[in-house]
Amino acid sequence: MAEAFDPRKRLLVRATLVAGMVLAALGLWAIVAKRCAGTPPETSKPALPADTGRHVRVRGPEGNVLPGAAAFLLQRASDGPQDVTWHESVGVLVLPESGKDYPVRVIAPGYRVQDLSAIRGGQTITLVPGLLAKVSLRGVPSDGLPEHVRFLLRVKPAGVDVKGLQPQEIVELMDNRGGPGSGPEHIPRGDFGYPISREQARAGIVLPAPGRYHVHWGLIDTKARTWVRAQGQEGRELTIRDDPAAQPFFLDVTLEQLQQALDELETGVSAARKQAK
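Quick look at the structure, then.

About the criteria used
- Residues numbered from 1 in each chain as written.
- Predicted model: local features only at pLDDT ≥ 70, side-chain atom pairs only at ≥ 80, totals over all residues.
- Heavy atoms only, no water.
- Buried < 20%, exposed > 50% of the residue type's maximum accessible area, 1.4 Å probe, protein only.
- Helix = DSSP H or I, 4+ residues; strand = E, 2+ residues; numbered from the N terminus.
- Pairing = 2+ DSSP bridges.
- Contact = heavy atoms within 4.5 Å.
- Phe/Tyr/Trp six-rings, centres within 6.5 Å; stacked < 30°, edge-to-face > 60°.
- Lys NZ or Arg CZ within 6 Å of the ring centre and 35° of its normal.
- Expected span 1.5 Å × (residues − 1).
- Polar contact = N/O pair within 3.5 Å; in protein donor to acceptor, adjacent residues only side chain to side chain.
- Core = buried A, V, L, I, M, F, W, Y, C linked by side-chain atoms within 4.5 Å.
- Axes fitted to C-alpha atoms, helices over the stretch in contact; angles between N-to-C directions.

### A word on the pairing of strand 4 (residues 55-59)
Walk down a regular strand and you will see the side chains alternate between the two sheet faces. Where burial is concerned, most of strand 4 is hidden: 4 out of the 5 residues are buried. Where strand 4 lies against strand 10 (residues 124-126), 3 bridges are found, and the strand directions are parallel. When the sheet's bridge partners are listed, R57 is paired in strand 10 with T124.

Okay, here's the thing in structure tokens:
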């Protein structure tokens, strides 16, 4: 079945992840957050409290502030809200004034989800790059596809155990090692999954946690922004280990599946054009 995309519908990681209860080693927790950049982004350097003993800095491996990162308190559901603020532009979480230790979760696209049981102000949390899966398509003909038709892979969590994170939020934390211009643009994620080109999948999909992910291929008409997955093409399940080394996988493409996908894509594009008139 063909699907048309609206670039305005691209989802973002929610500013607060309060939806579920978190069963951690520390007991039953709810994820609570208040982000100072939750509405418009900060356009100038934020006014941080002078007491740097309340600051928790979030950085990448090179000591850099990570775009799209967020830090949250993991607090007991019975404790009620805590006065915490996340300053995204400088990568700083400001803790309450009590000075005690707090459990914290830190996320960023392309990095591992990191839960820390006891963080005190004045510390720096350095995130670790995500787990790398390299997926290659086998049996793809060297030519024959229309110029504006490309392979598109879709990756979705199938058994990833990150307490309190929904599958759509896990998808938003995925990234890839493909260079600029190597993949599709303006395609929504969330419920759809993580859309990735053949080149990007081969270069490596960066995943935020170990577990099971499902991947399958389809075709996209880049002009009509319409995607189709060939009927009967089940894809495969990837079991991602907690291992920093790249993990290779293969996905077979048969000529019968490819021709079926091309036929379905042509039908879907024609139907979309008629509907648009």
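### Quick word on the environment of V135
Along the polypeptide, V135 turns up in strand 11 (residues 131-138). For V135, a relative accessible area of 2% gives the class buried. Spatially, the C-alpha atom of V135 lies 5.1 Å from that of A201, the residues being 66 residues apart in sequence. Look past the residues within four positions of V135 in its chain and what remains in contact with it is L153, A201, R202, I205, L238, F249 and L251.

### Description of the packing of aromatic side chains
Enumeration according to the criterion identifies 2 aromatic pairs in this entry. Ring plane angle 80° and centroid distance 5.4 Å describe the contact between F192 and W227, whose orientation is recorded as edge-to-face. In this pair, F192 sits in the loop between strand 13 (175-176) and strand 14 (194-197) while W227 sits in strand 17 (residues 226-228), placing the two residues 35 residues apart along the sequence. Taken as a pair, F192 and W227 share a single burial class, namely buried. In this arrangement the basic side chain of R154 is found over the ring face of F192, its NZ or CZ atom lying 4.4 Å from the centre.

### Observations concerning unusual backbone geometry
A positive phi angle is found at R225, which is not glycine, with a value near 50°. Tracing the sequence through the fold places R225 in the loop between strand 16 (211-221) and strand 17. You can call R225 partly exposed: its relative accessible area is 36%.

### Some remarks on helix 3 (residues 255-276)
At 3.6 residues per turn, the α-helix brings residues three or four places apart onto the same side. With 22 residues, helix 3 extends 31 Å between its outermost C-alpha atoms, agreeing within 8% with the 32 Å of an ideal straight helix rising 1.5 Å per residue. For helix 3, every residue scored as buried is listed here: Q257, L258, A261, L262, E264, L265, G268 and V269. Lining the buried residues of helix 3 we find strand 12 (149-159), strand 16, strand 17 and strand 19 (247-252).

### Here's the deal with the side chain of S197
Summarising the element assignment, S197 is placed in strand 14. Among the polar contacts listed, one links the side chain of S197 to the backbone oxygen of S182, at a separation of 2.6 Å. When residues no more than four places from it in sequence are discounted, the contact partners of S197 are F151, L152, L153, S182, G183 and P184.

### Let's talk about the nonpolar core
Within the largest apolar cluster, 60 residues are counted, with the highest numbers of intra-cluster contacts made by L93, L153, Y213, W217 and L219. Element by element, the count of residues in this core is highest for helix 3, at 5 residues. Not counting chain neighbours up to four residues away, the residues in contact with L153 comprise V135, L137, Y194, P195, I196, S197, R198, A201, V215, H216, W217 and L251. Counting 5 residues, the second largest nonpolar core, distinct from the first, contains I187, F192, I220 and W227.

### Things to note about the sheet that holds strand 6 (residues 85-87)
Within the open sheet, the 4 strands sit side by side as 6-7-4-10. Their pairing is mixed. Looking at which strands have only one partner, the edges of the open sheet turn out to be strand 6 and strand 10. Adjacent strand axes in the sheet meet at a mean angle of 20° when their direction is disregarded.

Any functional reading would require information that these geometric values do not contain.
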